[in-house]
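# A structural walkthrough
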Amino acid sequence: MKVAILSPIAWRTPPRNYGPWEQVASNIAEGLNARGVDVTLFATADAITKGKLQFACERPYAEDTHLDPKVLECLHISHLMEMAEQFDIIHNHFDFLPLTYSSLINTPMVTTIHGFSSQKIMPVYKKYNSSTSYISISNADRHPELSYLRTIYHGLNPKDFIFKQKKENFLLYFGRIHPDKGTHMAIEIAKQMGTPLKIAGLIQDNDYFSQYIKPHIDEHQVIFYGNADSTLRNELLSNARVLLHPIHFDEPFGLSVVEAMMSGTPVIAFKRGSMQELIVNGVTGFLVNNISEAVRAVNQLHIIAPEDCYQHACTMFGLERMIDEYMDVYNIIAKK
C-alpha cells in the first residue's frame, strides 16, 4: 500500500519545538514506515523522515514572517493532489482545505480532524462528509453534524520520553501561552500552594502574556523557559511533581497531558473537552472544576503512582496502538 501523509507546514515535521499537528503526522509517517508501508511525507524541505519526502515549500511559514502562508498552503496542497494517482490512500492532517480537492481525484482521502478552529469552517466539512472519511481524535471533539469512521487517539513513542519515579518539588505548566489554556490559573494555583511553578510554551497571545503572565515571572516562584525543545521538555516533564492543565476551552486532545503521564507525571486538569478520556481520575491525576479543587488535588498527589501514569499512557496512547488502528482504517477505505 502506498500512503501519502499530508502534514501542515506552519512548523517543521517533526517540530523543533511547538507543532502538535506536525508531530502527529510525523509519528504516523514514521510508524507506518517502520511497518514496511510505502510512505511519502508531504511537508517542508527541512522535514525529517525515514520514508520518502515530497515538498513544494522550503521553510515553515511560522518560522519565517516574510513568507505568505496562503501562497505556501496552495503550493503545498496542490503538489500532493497533482500526484494523487500515485497513492492508494491520502491521509490529510491539513484541516479543511485539502477536502476541496477530494472530488477531483480518484485516490480516497482520510482526514484526521485535529479540532475546529471556528464554526465558519463547518460548511466545507459538511460538504465532503459523505465522500471522504473523517477520524476524530477524541469522542468529545466529534461534531454532531458530521459522520466519523472512527475515533483514534494520538499515539506517542514511549522511547521519546524519560520516565522518573522520584519527582522534584515544582509544579509545571507546559503548553501554549494563551487564555484558552489557562496559564494564569496555573500561576494562581502555584501561589496558593506556595510551590514553584515552571512554565514552558509558545507565546501565542502577546497581550495576554504581557498583562497576566510576565508580571509574575521572578525566576523563583514563577520561572519561564520559553518554547521548549524535546530535551527541555523531557527534563521538565519527568521531574515535575504534577502538570497543571487548567484549560478554559473544550480541548480536542492535549498531547502534553499524555507526554506528562508517559514521563510518570500525573496531571491536574480542568474537566473540559477530552480530559475525561485522557485522565483516569484518582489514578493518573485529577479532574477538577476550579482553582480551589486544583489546590486540594495537589495535596492528594501522594496517592498517584508514577508507574500507573506511565502504564496508562503506554496502553491507551502508545504509538503502536495508533498505527494498528490507522492501518485498519486504510484497509477499510481501500476495500470500499
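To keep things clear, this report deals only with the structure shown in the data block.

What counts, and where the lines are drawn
- Sequence order as written defines the numbering, with residues in each chain counted from 1.
- Two thresholds apply to this predicted model, a pLDDT of at least 70 for residue-level local features and 80 or more for giving and counting side-chain atom pairs, whereas whole-chain, interface and lining totals are computed over all residues.
- Each side-chain value is worked out from all heavy atoms of the structure, with water and hydrogens disregarded.
- Helical segments are the DSSP runs of H or I of at least four residues, strand segments are the runs of E of at least two, and each set is numbered from the N terminus.
- Radius of gyration: C-alpha atoms only; globule rule: 2.2 Å multiplied by the number of residues to the exponent 0.38.
- For each residue, the accessible area found with a 1.4 Å probe, counting protein chains only, is set against the maximum for its type, and the residue is called buried under 20%, exposed over 50%, and partly exposed in between.
- Throughout, a contact is declared for two residues whenever any of their heavy atoms are within 4.5 Å.
- Surface accessibility in these figures is a Shrake-Rupley result with a 1.4 Å probe; residues are shielded only by whichever protein chains are displayed.
- His residues and chain termini do not enter the charge count, which takes Lys and Arg as positive and Asp and Glu as negative.
- Here the site of a charge means NZ on Lys, CZ on Arg, CG on Asp, or CD on Glu.
- Only when DSSP finds a minimum of two bridges between them are two strands counted as paired.
- Lines fitted to C-alpha atoms define the axes here, with helix axes fitted over just the stretch in contact, and angles between the N-to-C directions of these axes take values from 0 to 180 degrees.
- Aromatic rings from Phe, Tyr and Trp, with only the six-membered ring used for Trp, were paired whenever their centres fell within 6.5 Å, and each pair was classed as stacked if the ring planes differed by under 30 degrees, edge-to-face if by over 60, and tilted otherwise.
- Distance and angle both matter: a charge sits over a ring if NZ of Lys or CZ of Arg is within 6 Å of the ring centre and within 35 degrees of the ring normal.
- Here, a disulfide means two cysteine sulfur atoms that sit within 2.5 Å of each other.
- What we call a nonpolar core is a set of buried Ala, Val, Leu, Ile, Met, Phe, Trp, Tyr and Cys residues that are connected through their side-chain atoms within 4.5 Å.

### A word on the overall build of the chain
- A count of helical and extended segments in the chain gives 11 helices and 13 strands.
- Taken over C-alpha atoms, the radius of gyration comes to 20 Å for the chain, in line with the 20 Å a tight globule of 336 residues would show.
- The dimensions of the chain, computed from C-alpha atoms along their principal axes, are 60 × 40 × 40 Å.
- Of all 336 residues assigned to the chain, the portion counted as buried reaches 57%.
- For the chain, long-range pairs separated by at least 24 residues make up 64% of all intrachain contacts whose partners lie at least 6 apart in sequence.
- Entry remark: accessible area of the chain is about 14,500 Å², with carbon and sulfur atoms responsible for 49%.
- Looking at the chain, you have 30 positive and 36 negative side-chain charges, and the mean spots of the two groups are 3 Å apart.

### Re the sheet that holds strand β5 (residues 109-113)
- As summarised here, the arrangement of the 7 strands in space is β3-β2-β1-β4-β5-β6-β7, forming an open sheet in which the pairing is parallel. Each having just a single partner strand, β3 (52-54) and β7 (150-151) make up the two edges of the open sheet.
- Where strand β4 (residues 89-92) lies against β5, 3 bridges are found, and the strand directions are parallel. Residue pairing across strands places N92 opposite T111, the latter belonging to β5.
- Contacts from helix α1 (residues 20-34) reach β1 (2-6), β2 (38-42) and β4 within the one sheet, and its direction differs from that of β1 by about 165°.

### Things to note about the packing of aromatic side chains
- With the rule as written, the count across this model stands at 11 aromatic pairs.
- On the numbers, 5.8 Å between centres and 80° between planes, the contact of F42 with F87 is edge-to-face. Here F42 is found in strand β2, whereas its partner F87 is found in the loop between α2 (69-81) and β4, with 45 residues between them in sequence. The same class applies to F42 and to F87, which are both buried.
- A network of ring pairs unites the aromatic residues F116, Y125 and Y134 as a single cluster.
- In this structure, K198 packs its charged tip against the face of F170, placed 4.1 Å from the ring centre.

### A look at the sheet that holds strand β11 (residues 242-245)
- With parallel pairing, the 6 strands of this open sheet are ordered in space as β10-β9-β8-β11-β12-β13. Whereas interior strands pair on both sides, the edge strands pair on one side only; in this sheet they are β10 (222-224) and β13 (285-288). When strand polarity is set aside, the average angle formed by the axes of neighbouring strands in this sheet is 20°.
- The sheet contact formed by strand β12 (residues 267-270) and β13 spans 4 bridges and is parallel. Bridge pairing in β13 places A269 opposite L287.
- Helix-sheet contacts for helix α7 (residues 255-262) involve β8 (171-174), β11 and β12, and the interaxial angle to β11 is about 170°.

### Brief notes about the side chain of T40
- Mapping T40 onto the fold places it in strand β2.
- For T40, a relative accessible area of 7% corresponds to the buried category.
- Ignoring sequence-local partners within four residues, the contact set of T40 consists of V3, A4, I5, K52, Q54 and F87.

### Overview of the state of the cysteines
- In this structure the tally under the stated criterion is 0 disulfides.
- Here C314 stays free of any disulfide, with the sulfur of C309 as its closest cysteine sulfur at 11 Å.

### Some points on the nonpolar core
- In terms of nonpolar packing, the biggest core is built from 84 residues, with I5, L32, L197, V258, I268 and Y330 touching the most fellow members.
- With 7 residues, the top contributor of residues to this core is helix α11 (residues 319-334).
- Once residues within four sequence positions are removed from consideration, I5 is found in contact with A25, I28, A29, L32, V39, T40, L41, F42, H91, H93 and Y330.
- Residues L6, Y61, A84 and Y128 belong to the second largest nonpolar core, which totals 30 residues.

### Some words on unusual backbone geometry
- For the peptide bond that leads from T13 to P14, omega is -10°, which places it in the cis range.
- By the secondary structure assignment, P14 is in the loop between β1 and α1.
- In this structure, E219 is a non-glycine residue whose phi angle is positive, near 60°.
- Relative to the elements of secondary structure, E219 occurs in the loop between α5 (206-213) and β10.

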